[in-house]
Amino acid sequence: MGHTLLITSSPRGADSLSTRFANEIAEGIQARTGGTLTVRDLAANPPPHITAAYIQGRITAPEDRTLEQAEAVKVAQDLVDELKAADVIVLGSGMINFGLPSQLKAWFDHVTWPRVTFGYGDTGPKGLLTGKKVYLVTAAGGVFSEGAWAPFDFQTHYLLHLLGFIGLTDVEVVRVEGTVLGADAVKAAIANAETAIEALLAKAA
Ligand SMILES: Cc1cc2nc3c(=O)[nH]c(=O)nc-3n(C[C@H](O)[C@H](O)[C@H](O)COP(=O)(O)O)c2cc1C
């Protein structure tokens, strides 16, 4: 039993494969472990871009914040609380212009918070959200796990870095690749993802 947070972020709605497979993982974990689930759809409800009110607000004592600062910090605090409450995080991301959807970047800009989700240790920054399991589903039109385009995967590597920076280092990655390379490529990408997810869920049971 545990609590799962499902975060989806693709702006492609019902066509999104990262959303489809992130859903499948979250539902599979729930079915196997009987835990609870919170769904955060960043495409439907994108966090705002961060502002001066947020940046100033988070270094200002709560009692001294302006109303605007307090409101901006509350957005981040709610997202962090949701993240802290989760034992398992399932994150779906579909490549947009070689990186992550801007909705997901805005979410990271809120939850990557000094002294709240990362601190500064003797040897440098130290993630504070430890002890959680993450399943990361990254979809992309091209193939980036190997070959000529591998150096241009600014999605999966960046996401792994951002997650690790806040302490989320236990990450299983499911890649759904080649989704714009024709029907056969999509079929293969879906079959590969299904196989990978089946194996991961068997381990989660
Ligand atoms: C606006 C836009 C930009 C995209 N940029 C890229 C890109 O830079 N590289 C790539 O390989 N695929 C790109 N794609 C294709 C998507 O990565 C692909 O459709 C993927 O399946 C999206 O994830 P999703 O299925 O979860 O929505 C782009 C798609 C859209 C709609």
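Scroll up to find the structure.
Residues numbered from 1 in each chain as written. Predicted model: local features only at pLDDT ≥ 70, side-chain atom pairs only at ≥ 80, totals over all residues. Heavy atoms only, no water.

Talk me through the site of the ligand; I want residue IDs and the actual numbers.
In the vicinity of the ligand, 16 residues are found, and the nearest of them are S10, R12, S18, M95 and T179. The separation between an oxygen atom of the ligand and a polar side-chain atom of T179 is 2.7 Å. Considering the ligand on its own, with 630 Å² of exposed area, one finds that the protein chains cover 77% of that surface. (Near = heavy atom within 4 Å. Polar contact = N/O pair within 3.5 Å; in protein donor to acceptor, adjacent residues only side chain to side chain. Areas by Shrake-Rupley, 256 points an atom, 1.4 Å probe, with all protein chains shown as cover.)

Break down unusual backbone geometry for me, citing the residues and quoting the values.
Unusually for a residue other than glycine, N97 sits at a positive phi of about 45 degrees. The exposure class of N97 is exposed, given its relative accessible area of 72%. Its identity as a non-glycine residue notwithstanding, R115 has a phi of 70 degrees, on the positive side. Looking at the element boundaries, R115 is found in the loop between α4 (102-111) and β4 (118-121). (Buried < 20%, exposed > 50% of the residue type's maximum accessible area, 1.4 Å probe, protein only. Helix = DSSP H or I, 4+ residues; strand = E, 2+ residues; numbered from the N terminus.)

Just give me the short version of helix α5 (residues 156-165), but keep the residues and values in it.
Along α5, the positions that sit buried rather than exposed are T156, L159, L162 and L163. Summarising the axial view, the buried residues of α5 lie within an arc of 130 degrees, below the 170-degree limit, and thus occupy one face. Against β3 (88-94), α4, β6 (133-140) and β7 (170-177) lie the buried residues of α5. Of the residues one or two after α5, G167 is the one with positive phi, at around 100 degrees. (Arc of directions from axis to C-beta. Contact = heavy atoms within 4.5 Å.)

Could you give an account of the side chain of T60, naming the residues involved and the relevant values?
Of note, T60 is situated in the loop between α2 (52-57) and α3 (67-84). Beyond its immediate stretch of four places on either side in the chain, T60 contacts R65 and Q69.

Describe α3, with residues and values.
Under the 1.5 Å per step criterion, the end-to-end length of α3 is 25 Å for 18 residues, consistent within 8% with the ideal 26 Å. Within α3, the full set of buried residues consists of Q69, A72, V73, A76, L79, V80, E82 and L83. Contact partners of the buried residues in α3: β1 (3-8), β2 (36-41), α2, β3 and α4. (Expected span 1.5 Å × (residues − 1).)

Break down the pattern of salt bridges for me, citing the residues and quoting the values.
Evaluated as defined, the whole model comprises 9 salt bridges. For E82, the salt bridge identified is with R40, shortest N-O distance 2.6 Å. Of this pair, E82 sits in helix α3 while R40 is found in strand β2, placing the two residues 42 residues apart along the sequence. Among the salt bridges present, the one from E177 reaches R175, with a minimum N-O distance of 3.8 Å. Residue E177 is classed as buried on the basis of its relative accessible area, which comes to 17%. Of the residues examined, R175 reaches a relative accessible area of 25% and is grouped as partly exposed. One network of salt bridges, in which partners are shared, links K133, D170, E172 and K203. (Salt bridge = Lys/Arg side-chain N within 4 Å of Asp/Glu carboxyl O.)

I'd love a proper account of the pairing of strand β5 (residues 124-127), names of residues and values included.
Bridge analysis of β4 against β5 gives 4 bridges, and the strand direction is antiparallel. By the bridge assignment for β5, G121 is matched with G124. Taking the residues that link successive antiparallel strands as the turn, the β4-β5 hairpin has 2 residues. (Pairing = 2+ DSSP bridges.)

Which residues make up the sheet that holds β6, and what values do they have?
Read from one edge to the other, the open sheet built from 5 strands follows the order β2-β1-β3-β6-β7, with strand pairing classed as parallel. The sheet terminates laterally at β2 and β7, the two strands that pair on one side only. The mean inter-strand angle of the sheet, taken between neighbouring strand axes irrespective of direction, is 15 degrees. Both β3 and β6 contribute to a ladder of 7 bridges, which runs parallel. Of the residues in β6, the one forming a bridge with V88 is K133. Helix-sheet contacts for α4 involve β1, β2 and β3, and the interaxial angle to β3 is about 140 degrees. Across the sheet, helix α6 (residues 183-204) lies against β6 and β7, angled at about 160 degrees from β7, the strand it touches most. (Axes fitted to C-alpha atoms, helices over the stretch in contact; angles between N-to-C directions.)

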